Amino acid sequence: MSSAAAIGAGKAVCVTGASGYIASWLVKLLLARGYTVRATVRDTDDPKKTLHLHALDGAKDRLHLFKASLLEEGSFDAAIAGSECVFHTASPFYHNVKDPKAELLDPAVEGTLNVLRSCKKASIKRVVVTSSMAAVAYNEKPRTPDVVVDETWFSHPELCEKNQQWYVLSKTLAEDAAWKFSKDNGFEMVTINPAMVIGPLLQPTLNTSAEVILKLINGSSSTYPNFSFGWINVKDVALAHILAYEVPSANGRYCMVERVAHHSEILKIIHELYPNLPVPDKCADDGPFVPTYQVSKDKIRSLGLQLIPLETSIKETIESLKEKGFLSL
Ligand SMILES: NC(=O)c1ccc[n+]([C@@H]2O[C@H](COP(=O)([O-])OP(=O)(O)OC[C@H]3O[C@@H](n4cnc5c(N)ncnc54)[C@H](OP(=O)(O)O)[C@@H]3O)[C@@H](O)[C@H]2O)c1
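Conventions and cut-offs
- Residues numbered from 1 in each chain as written.
- Predicted model: local features only at pLDDT ≥ 70, side-chain atom pairs only at ≥ 80, totals over all residues.
- Heavy atoms only, no water.
- Core = buried A, V, L, I, M, F, W, Y, C linked by side-chain atoms within 4.5 Å.
- Buried < 20%, exposed > 50% of the residue type's maximum accessible area, 1.4 Å probe, protein only.
- Contact = heavy atoms within 4.5 Å.
- Near = heavy atom within 4 Å.
- Polar contact = N/O pair within 3.5 Å; in protein donor to acceptor, adjacent residues only side chain to side chain.
- Areas by Shrake-Rupley, 256 points an atom, 1.4 Å probe, with all protein chains shown as cover.
- Helix = DSSP H or I, 4+ residues; strand = E, 2+ residues; numbered from the N terminus.
- Salt bridge = Lys/Arg side-chain N within 4 Å of Asp/Glu carboxyl O.
- Pairing = 2+ DSSP bridges.
- Axes fitted to C-alpha atoms, helices over the stretch in contact; angles between N-to-C directions.

- The chain carries the name NAD-dependent epimerase/dehydratase domain-containing protein in an unreviewed UniProt entry, which gives Brachypodium distachyon as its organism.

So, in structure tokens, the structure goes:
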């Protein structure tokens, strides 16, 4: 066994929502470090949700799948019992919702509390929760190129609700509820707060953040949206979760943004990498470009992470979208 694999040997950890984009990478890296992974999925009989996990190195001996659903009280008990750490990633991430409460808010908030109650029952010492920059950056403060967003920022639920940013609201309320629960119940919690996550897909289905890049390159639109987002590689996000457990001093929240870039800049990078790819050259509105801002890397670097550059992440995403058949180039 290599030295990386030795780190987790003999230790069992739990990953919720394991078939998802970020969680699949987390399971892969945990198995590579020698951990036994107790992974929850909603449907253990759906090959689209499980085959790519069973195919991972080490899965045959050290991956155990459990069926669990966020709104089913106690359904995470079996997977969590016997784990040294729980990585809670499961949460719905999509934008086209009809009933925000039922589809996003309840699974995010009540689902997180359901998982944390199971952690409490099992006396889990440290829980790592996948939060989001959505829970950090959406408040009344201006975001302009001179502004540095950091872990002291919190999104304001009233503003998210007023703007009908339901996914942003779901992550803001879920993180807040999780902090209250962990403080009241005395276990250690760390949150990882990534921005838009891109990079290679392990799962066969298209996830919401990879779709953002796909929509820019598949000819589906003649314009690009007037948005500025932070971007981060999925491999960095997965590793950050693991370091948040393995590094004893890890604490609080960790913002994860390699770079904030406007969609026009993303398209410039894509054009440099793939000059023959027809990409939109007009912005969807005539207003000034939504400004970029900065996000502090100090805290995430303190875990020992060097973030993969945006250009590499974009290239890896496009190559993966091609390989998975979402794009014919
Ligand atoms: N991707 C990003 O840009 C990004 C950025 C910041 C934070 N995050 C957070 O990262 C986490 C994973 O997101 P992702 O991008 O990997 O998305 P994803 O691929 O859609 O994964 C979401 C996971 O949550 C599970 N889930 C959703 N509703 C559930 C329910 N009611 N019961 C049980 N499981 C449920 C899904 O299970 P099924 O497969 O059965 O649907 C899936 O495994 C989420 O907490 C998300 O908010 C993502």
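Next comes the rest of the description.
Details of the nonpolar core
- Core analysis: the largest hydrophobic core is formed by 67 residues, its most contacted members being Val37 and Trp231.
- Beyond its immediate stretch of four places on either side in the chain, Val37 contacts Val13, Val15, Val27, Leu30, Leu31, Arg62, Leu63 and His64.

Some thoughts on the site of the ligand
- The full set close to the ligand counts 26 residues, and Tyr21, Arg42, Thr89, Tyr167 and Lys171 are the nearest of them.
- Within the backbone of Val197, a nitrogen or oxygen atom sits 2.8 Å from an oxygen atom of the ligand.
- Contact between the ligand and Ser209: a nitrogen atom at 2.9 Å from a side-chain N or O atom of the residue.
- When isolated, the ligand has an accessible area of 890 Å², and the protein chains bury 89% of it.
- Contributions of two or more residues to the shell around the ligand are made by helix H2 (21-32), helix H8 (166-185) and strand E8 (196-198).

Digging into the pattern of salt bridges
- Taken as a whole and assessed by the stated rule, the structure comprises 14 salt bridges.
- Here Glu175 ties to Arg253 by a salt bridge, and the two come within 2.7 Å at their closest N and O atoms. Of this pair, Glu175 sits in helix H8 while Arg253 sits in strand E11 (residues 252-256); the two residues are 78 residues apart in sequence, bridging distant segments of the chain. Comparing Glu175 with Arg253 shows no difference in burial state: the two are buried.
- Measuring nitrogen to oxygen at the nearest pair gives 2.9 Å for the salt bridge that ties Arg259 to Glu311. Of this pair, Arg259 sits in strand E12 (residues 259-262) while Glu311 sits in helix H13 (residues 310-323); the two residues are 52 residues apart in sequence, bridging distant segments of the chain.
- Several salt bridges converge on common partners, so that one network encompasses Glu258, Arg259, Glu265 and Glu311.

Looking at the sheet that holds strand E10 (residues 228-233)
- The strand order across the open sheet formed by three strands is E8-E10-E12, and the pairing between neighbours is mixed. Two strands bound the open sheet, and with one partner strand each, they are E8 and E12. Adjacent strand axes in the sheet meet at a mean angle of 45° when their direction is disregarded.
- Sheet analysis places E10 next to E12, joined by four bridges and oriented antiparallel. In the strand pairing of E12, Phe229 is matched with Ala261.
- Against the sheet, helix H9 (residues 208-217) touches E8 and E10, its axis set at about 75° to E8.
- Along the sheet, H13 contacts E8, E10 and E12; its crossing angle with E8, the most-contacted strand, is approximately 60°.

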